[in-house]
Amino acid sequence: MELLRFSTAGSVDDGKSTLIGRLLYDSKSIFQDQYDAIEESSKRKGDENVNLALLTDGLRAEREQGITIDVAYRYFATPKRKFIIADTPGHIQYTRNMVTGSSTSNLSIILIDARHGVVEQTCRHTFISSLLGIPHVVFCINKMDLVDYSEEAYEKIKSDLEAFSSKLDVKDIHFIPISALNGDNVVNQSEKMDWYKGSTLMYLLENIHIGSDYNHIDCRFPVQNVIRPQSDKYPDYRGYAGRIAGGVFKPGDEVAILPSGFTSKIKSIDTMNGQLAEAFAPMSVAITLEDDIDVSRGDMIVRENNQPSVDQNIDLMICWLNDKKMTPNGKYAIKHTSNDVRCVIKEVVYKMNINNLHRIEDDKEINMNDVARISIRTTKPLLFDKYTRNRTTGSLILIDEATNETVGAGMII
Amino acid sequence: MQSYSLTHLQELESEAIYVLREVASQFENPALLFSGGKDSIIVAHMARKAFWPAKIPFPLVHVDTGHNFPETIVFRDQYVKDIGANLIVGSVQQSIDEGKVIEEKGFNASRNGLQTVTLLETIEKHKFDCAMGGARRDEEKARAKERFFSHRDDFGQWDPKNQRPELWNIFNGKKNVGEHFRVFPISNWTEMDVWQYILHEKIQIPSIYLAHERDVFERDGVIMSTTEFIEQRDTEPTVRKKVRFRTI
């Protein structure tokens, strides 16, 4: 059974909580006592129907207390797949939250109110999905019950979305007309929209091909730890532990170790359960080499004929996550794969108006929730790929050295 | 072309092993909280996998309430011996004896609330800068937003208004002197995943998780074990039943 991670984007009142509640309820992922509790609570509030949105409502009280709720994770499973939902509440810090929640997603669900069509929020959500390189985007045109399940209304919104999305780099786009409230096309096929021949949302979530979401071409193995038991049984064992970030590794492969550039061959790929004939992203393994080379945390094992970029000058898109604005020409710590370096901000090239995708070139102040293109210089070369090529070797975080807080999310261009 | 994909258990395991390895690298003196319960057992199991064929490079810490089922302690001691790990026990009884905490009284008295004090004391005494635990986000709604790496200030407090955003698989364990982290490698696991994994990996668990005959009584709809640590009311007669524990 595969694991699919998805995020849901939407603002207040677009039916996001109802949709998640509907997915959980119709996929029979909630227990009777949970259902009884929300049924009781719905009755008390005078709701006509059982309000499924209450299933995910645990965070409202905390939000009112001012506690930061950037992402809440929820879990459910069907016989076909297991799902992790990164649920980002749609309030003022939306960009920061959605960037955080989407960073590990395979798929993004963007909700659109059928009565209002494509609005500024839709534009923002789609842009962030594309910025974060989420492989699959599903536009759910919700509240179809309020537009009489009209095919015309749906087609109009769909063509608006297609026109807009063509400006962005989104690989795989789907459109589904739904009513989260009544359950149309969520888990069960709608009887009211026989003009829609596509799949339901659940069918898509269960069947969409995610096997290619990881890069299986460029071999990248950032070394996390060196394993040296120095025990009687393993006196000379020297294994390099890490999680494969790309490509397929096999024993016998000719590899290069960066940044030194020394070459060797893979002797074995080890796990406690036995040796592997091959290993690919995102497996955690230990690799041993034929030759005795000095390899340590922060190094990267790659194929000799397919190497990442090695550079100190790096261009990236960033999303600023902290209420303290970015210091012009400031110095920040960086975490990138298993590497810790420092950097200086060389230039803010432009800021992005993410509501209309226009570039802002006359205002270079980077505040929380801003998205911008910047260039930096690092204290030592990073071993990286473009973010669009590899989400692991192409991503980094900026850290404020005074507070140790994570202040920026970077995607290398 | 061959399809390269992992099962959900393989992916969750890989994620947890990655986190365990990050902890070993980013912290100077980490520890793994080990209660002998199923969640901490699978974390310990994956810690073995993460560093195999070397031993787990940090100690296992048991915050001992003194109110244990004997089966759990027997299991704990055997397990630690089998994997050659270093066990440190922090004793709630000792905290009570030293007057640092006050024992709860009454029918629903429990030592669960006192554990926190003993835990922080143990962390301070051994200068641990990271304590890993088996907490999961699906356990309760409030945990749904908990981080993998959760920052604690120099009083051991969690400030929910000031948690670091966590992106991709990049974990920021940077801290000032005196601060520490709580890390939860199985954040993304559900109860079902834990049981499936135990079955799949054939992991040994304390016998009380499996059905057996035991003296029990009922309180507010919950079946509880008759023990010297819980006072029973007259209206709560002991009966013998076939039971298994969901939580210990």
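Residues numbered from 1 in each chain as written. Chains lettered and ligands numbered in written order. Predicted model: local features only at pLDDT ≥ 70, side-chain atom pairs only at ≥ 80, totals over all residues. Heavy atoms only, no water.

1. Considerations on the overall build of chain A
As a reminder, the rule being used: For the purposes of this entry, the term helix denotes a DSSP run of H or I that reaches at least four residues, the term strand denotes a run of E that reaches at least two, and both are numbered from the N terminus. Restricting the calculation to C-alpha atoms gives the radius of gyration, and the globule rule supplies 2.2 Å times the number of residues raised to the power 0.38. Under the scheme applied here, a residue whose accessible area is under 20% of the maximum for its type counts as buried, over 50% as exposed, and between as partly exposed, the area being computed with a 1.4 Å probe on protein chains only. Every residue pair with non-hydrogen atoms within 4.5 Å of one another is taken to be in contact. Accessibility throughout is a Shrake-Rupley quantity obtained with a 1.4 Å probe, and a residue counts as covered only by protein chains that appear here. We score Asp and Glu as negative and Lys and Arg as positive, and we do not count His or the chain ends. Note that the charge is assigned to NZ on lysines, CZ on arginines, CG on aspartates and CD on glutamates.
Of the regular secondary structure elements, chain A holds seven helices and 23 strands. Computed over its C-alpha atoms, the radius of gyration of chain A comes to 24 Å, within 12% of the 22 Å expected for a compact globule of 413 residues. Expressed as lengths along the three principal axes of its C-alpha atoms, the size of chain A is roughly 70 × 55 × 40 Å. Going through the 413 residues of chain A one by one, you find that 59% of them count as buried. Across chain A, the fraction of contacts at a sequence separation of at least 24, relative to all contacts at a separation of at least 6, is 70%. Summed over its atoms, the accessible surface of chain A is roughly 17,200 Å², and 45% of this surface lies on carbon and sulfur atoms. In chain A, 48 positive and 58 negative side-chain charges are present, and the distance between their average locations comes to 3 Å.

2. Quick look at the packing of aromatic side chains
Basically, it comes down to this: Only Phe, Tyr and Trp rings are paired, with Trp represented by its six-membered ring, and only when their centres lie within 6.5 Å; those with planes under 30 degrees apart are stacked, over 60 edge-to-face, the remainder tilted.
Considering all chains together, one arrives at 22 aromatic pairs over all chains under this definition. When the ring of Phe280(A) is compared with that of Tyr4(B), the centres are 4.9 Å apart and the planes differ by 55°; the resulting orientation is tilted. Of the two residues, Phe280(A) sits in strand E14 (residues 279-280) while Tyr4(B) sits in the segment before helix H1 (8-26), which places them in two different chains. Considered together, Phe280(A) and Tyr4(B) belong to a single accessibility category, that of buried residues. When the ring of Phe51(B) is compared with that of Phe58(B), the centres are 5.8 Å apart and the planes differ by 90°; the resulting orientation is edge-to-face.

3. Things to note about helix H2 (residues 32-44) of chain A
All names here are of chain A. What counts, and what does not: Here, expected helix span is obtained from the residue count minus one, scaled by 1.5 Å. Directions are taken from the helix axis to each C-beta atom, and the arc is the one they span.
Between the first and last C-alpha of H2 there are 18 Å, a value that for 13 residues agrees with the 18 Å anticipated at 1.5 Å per step. Every buried residue of H2 is accounted for by Tyr35, Ile38, Ser41 and Ser42. Burial along H2 is one-sided: seen end-on, the buried residues are contained in an arc of 130°. The exposed residues of H2 that point more than 90 degrees off its buried face are Gln32, Asp33, Lys43 and Arg44. The inward-facing, buried residues of H2 contact helix H1 (16-26). Where H2 terminates, the next one or two residues include glycine 46, which has phi positive at roughly 80°.

4. Digging into the domain arrangement of chain B
By a widespread convention, an interface's size corresponds to the accessible area lost as its parts come together. Residue and element names in this part refer to chain B. Test applied: Boundary definitions for the domains trace back to an automatic or database domain assignment. Whenever a carboxyl oxygen of Asp or Glu lies within 4 Å of a side-chain nitrogen of Lys or Arg, that contact is scored as a salt bridge. Counting of polar contacts relies on pairs of N or O atoms within 3.5 Å, with two restrictions inside protein: one atom must be capable of donating a hydrogen and the other of accepting it, and residues adjacent in sequence are counted only when both atoms are side-chain atoms. Charged means Asp, Glu, Lys or Arg here, nonpolar means Ala, Val, Leu, Ile, Met, Phe, Trp, Tyr, Cys or Pro, and polar covers whatever is left, Gly included.
Here the domain parsing of chain B yields domain 1 (8-200) and domain 2 (211-243). Here domain 1 and domain 2 have C-alpha centroids that lie 29 Å from each other. On the domain 2 side, the residues contacting the eight residues of domain 1 number nine residues. Here domain 1 is connected to domain 2 by one salt bridge. There are one residue pair in polar contact (both at pLDDT 80 or more) connecting domain 1 and domain 2. Along the lines of polarity and charge, the residues of the side of domain 1 that touches domain 2 split into two nonpolar, five polar and one charged.

5. What about the environment of Leu12(B)?
By the element assignment, Leu12(B) lies in helix H1. Taking the C-alpha atoms as reference points, Leu12(B) and Pro185(B), 173 residues apart in sequence, are found 9.3 Å from one another. Contact partners of Leu12(B), with chain neighbours within four places excluded, come to Leu3(A), Lys82(A), Asn188(B), Trp189(B) and Asp193(B).

6. With respect to a negative patch on the surface
Residues and elements named next belong to chain A. Keep this limit in mind: Patch building starts from residues that exceed 30% relative accessible area and form no salt bridge, then joins like charges within 9 Å and nonpolar side chains (Val, Leu, Ile, Met, Phe, Trp, Tyr) within 5 Å.
A cluster of like negative charges, contributed by Glu151, Glu152, Glu155 and Glu162, occupies part of the molecular surface. Looking at where glutamate 152 falls in the secondary structure, it is placed in helix H6 (residues 151-165). Classification of glutamate 152 as exposed rests on a relative accessible area of 67%.

7. A few points about the side chain of Arg137(B)
Here Arg137(B) is to be found in the loop between strand E4 (130-132) and strand E5 (149-152). Although Arg137(B) is buried, it makes no salt bridge; Glu166(B) carries the closest opposite charge, 4.3 Å away. One polar contact links the side chain of Arg137(B) to the main-chain carbonyl oxygen of Glu146(B), over a distance of 2.9 Å. Residue contacts for Arg137(B): discarding those within four places in its chain leaves Tyr73(A), Tyr75(A), Arg143(B), Ala144(B), Glu146(B), Arg147(B), Phe148(B), Glu166(B), Ser187(B) and Asn188(B).

8. So, unusual backbone geometry
The bulk of non-glycine residues show a negative phi, and the bulk of peptide bonds are trans. Residue and element names in this part refer to chain A. With omega at 10°, the peptide bond leading from leucine 258 into proline 259 counts as cis. Relative to the elements of secondary structure, proline 259 occurs in the loop between strand E11 (254-258) and strand E12 (262-271). Cis geometry is found at the peptide bond from alanine 281 to proline 282, where omega equals 0°. Take proline 282: it is sitting in the loop between E14 and strand E15 (284-289). Of note in this structure, glutamine 230 is not a glycine but carries a positive phi near 45°. When you line up the elements, glutamine 230 lands in the loop between strand E8 (225-227) and strand E9 (239-243). For glutamine 230, a relative accessible area of 58% puts it in the exposed group.

9. What about the pairing of strand E22 (residues 395-399) of chain A?
Note on strand geometry: in a regular strand, side chains alternate between the two faces of the sheet. Residues and elements named next belong to chain A. The condition is simple: Only strands that DSSP links by at least two bridges are regarded as paired with each other.
A large share of E22 lies buried, amounting to five of its five residues. The side-chain alternation of E22 yields two buried faces, one formed by Ser395, Ile397 and Ile399 and the other by Leu396 and Leu398. Both strand E18 (residues 331-336) and E22 contribute to a ladder of three bridges, which runs antiparallel. Among the inter-strand pairings, isoleucine 334 is bridged to a residue of E22, identified as leucine 398.

10. Points about the sheet that holds strand E1 (residues 2-9) of chain A
Defined as follows: Angles here are taken between N-to-C directions and fall from 0 to 180 degrees, while the axes themselves are lines fitted to C-alpha atoms, restricted in helices to the stretch in contact.
Reading across from one edge, E2-E3-E1-E4-E5-E6 (chain A) is the order of the six strands in this open sheet, with mixed pairing throughout. Both outer strands of the open sheet, strand E2 (72-77) and strand E6 (172-177) of chain A, are each paired with one neighbouring strand and no more. Mean inter-strand twist for the sheet, computed between neighbouring axes without regard to direction, equals 25°. As judged from the seven bridges shared by strand E4 (residues 107-113) of chain A and strand E5 (residues 136-142) of chain A, these two strands associate in the parallel manner. When the bridges of E5(A) are listed, Leu107(A) appears paired with His136(A). Of the strands in this sheet, E1 and strand E3 (81-87) of chain A are in contact with H1(B), which crosses E1(A) at around 75°.

11. Remarks on the sheet that holds strand E9 (residues 239-243) of chain B
Where strands meet in a sheet, backbone hydrogen bonds hold them as pairs that are either parallel or antiparallel. All names here are of chain B. Strand order in the open sheet formed by three strands is E8-E7-E9, and the pairing between neighbours is antiparallel. Bordering the open sheet on either side are strand E8 (222-225) and E9, each of which pairs with just one other strand. Ignoring which end each strand starts from, the neighbouring axes of this sheet average 60° apart. Judged from the four bridges that link them, strand E7 (residues 212-219) and E8 form a sheet pairing that is antiparallel. Its bridge partner being in E8, arginine 219 is matched across the sheet by valine 222.

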